[in-house]
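# Coordinates in review
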Amino acid sequence: MRLIEIAMTSAITMSIGGVSYVALNPAQYKSRAQTVADQATCRTVDTAIMGYLMNTGTTPTSVRQLKDYVRGDISKYRIVNGMAAGPGCPQT
């Protein structure tokens, strides 16, 4: 066998091993996906707060005031000092 064939075989074997590990460890990727989703939702709530402020001239005091600005459930969030607080937000 030539050196290039050995290197290629090793790379393919490692790739198959990595894919197999991913298939057998979905909890890790579910956790990562949830973290990313929480950060996106926090940013969405912050954007809704800004939209509310721009439209009304006042800062909202409750996430219930943002129902027209956000599609989805944001009940896990609250407003603290004019910013979103909850899962995925930096200050929580």
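The shown structure was predicted, so the numbers you read here are calculated from the model rather than taken from an experiment. (Residues numbered from 1 in each chain as written. Predicted model: local features only at pLDDT ≥ 70, side-chain atom pairs only at ≥ 80, totals over all residues. Heavy atoms only, no water.)

## Quick notes on the overall build of the protein
The condition that has to hold: Segments assigned H or I by DSSP are reported as helices when at least four residues long, segments assigned E as strands when at least two residues long, and all are numbered from the N terminus. Relative accessibility thresholds used throughout: buried, under 20% of the residue-type maximum; exposed, over 50%; partly exposed, between the two (1.4 Å probe, protein chains only). Residues count as neighbours in contact if any of their non-hydrogen atoms are within 4.5 Å of one another. Using a 1.4 Å probe, accessible areas were evaluated by the Shrake-Rupley method; residue-level cover was limited to the displayed protein chains.
Within the protein, the regular secondary structure consists of two helices and two strands. Starting at the N terminus, the α and β elements of the protein follow one another as α-α-β-β. Sorting the 92 residues of the protein into buried and exposed places 22% on the buried side. In the protein, of all internal contacts separated by at least 6 residues, the share reaching a separation of at least 24 is 34%. Taken as a whole, the protein presents about 7100 Å² of accessible surface, with 60% of it coming from carbon and sulfur.

## So, the packing of aromatic side chains
Operational definition: Ring pairs are drawn from Phe, Tyr and Trp, using the six-membered ring of Trp, whenever the two centres fall within 6.5 Å, and their geometry is named by plane angle: stacked under 30 degrees, edge-to-face over 60, tilted for the rest.
Per the counting criterion, the structure on display carries one aromatic pair. Consider the rings of Tyr52 and Tyr69, whose centres lie 5.8 Å apart with planes at 70 degrees: the pair is edge-to-face. A residue pair is termed long-range when its members are at least 10 positions apart, and Tyr52 in helix H2 (residues 26-56) and Tyr69 in the loop between H2 and strand E1 (78-80) qualify at 17 residues.

## Observations regarding the confidence of the model for the protein
Our working definition: Per residue, pLDDT measures the predictor's confidence, with a range of 0 to 100.
Looking at the protein, the pLDDT average stands at 82 and 85% of residues meet or exceed 70. The secondary structure element of the protein with the lowest average pLDDT is helix H1 (residues 3-24), at 68, and the one with the highest is E1, at 93.

## As for unusual backbone geometry
The phi angle of most residues is negative, glycine excepted, and most peptide bonds adopt the trans form. Non-glycine residue Asn81 carries a positive phi angle of around 55 degrees. Position of Asn81 among the secondary structure elements: in the loop between E1 and strand E2 (83-85). What makes Asn81 exposed here is its relative accessible area of 77%.

## Focus on the side chain of Ser62
To keep things clear, this is the line we draw: Any N or O atom pair separated by 3.5 Å or less is treated as a polar contact, with the protein-specific requirement of one donor-capable and one acceptor-capable atom, and with residues adjacent in sequence counted only for side-chain atom pairs.
Tracing the backbone shows Ser62 in the loop between H2 and E1. For Ser62, the side chain forms a polar contact with the main-chain nitrogen of Arg64, separated by 3.2 Å.

## Description of the side chain of Asp38
Rule in force here: This count recognises Lys and Arg as positive and Asp and Glu as negative, with His and chain-terminal groups excluded. We define a salt bridge as a contact between a side-chain nitrogen of Lys or Arg and a carboxyl oxygen of Asp or Glu at a distance within 4 Å.
Position of Asp38 among the secondary structure elements: in helix H2. The side chain of Asp38 is buried and forms no salt bridge, while Lys76, the nearest opposite charge, is found at 5.6 Å. With residues near it in sequence (within four places) discarded, Asp38 still touches Tyr77, Pro87 and Gly88.

## Topic: the nonpolar core
What counts is decided by this rule: Throughout, nonpolar core names a set of buried Ala, Val, Leu, Ile, Met, Phe, Trp, Tyr and Cys residues whose side chains join them through atoms within 4.5 Å.
If you look at the biggest cluster of nonpolar residues, it comprises 13 residues, and the most contacted ones within it are Val45, Ile49, Leu66, Ile74, Tyr77 and Ala84. Among the elements that take part in this core, H2 stands out by supplying five residues, more than any other. Residues contacting Tyr77, with those up to four places away along its chain left out, are Asp38, Thr41, Cys42, Val45, Val63, Ala85, Gly86, Pro87 and Cys89.

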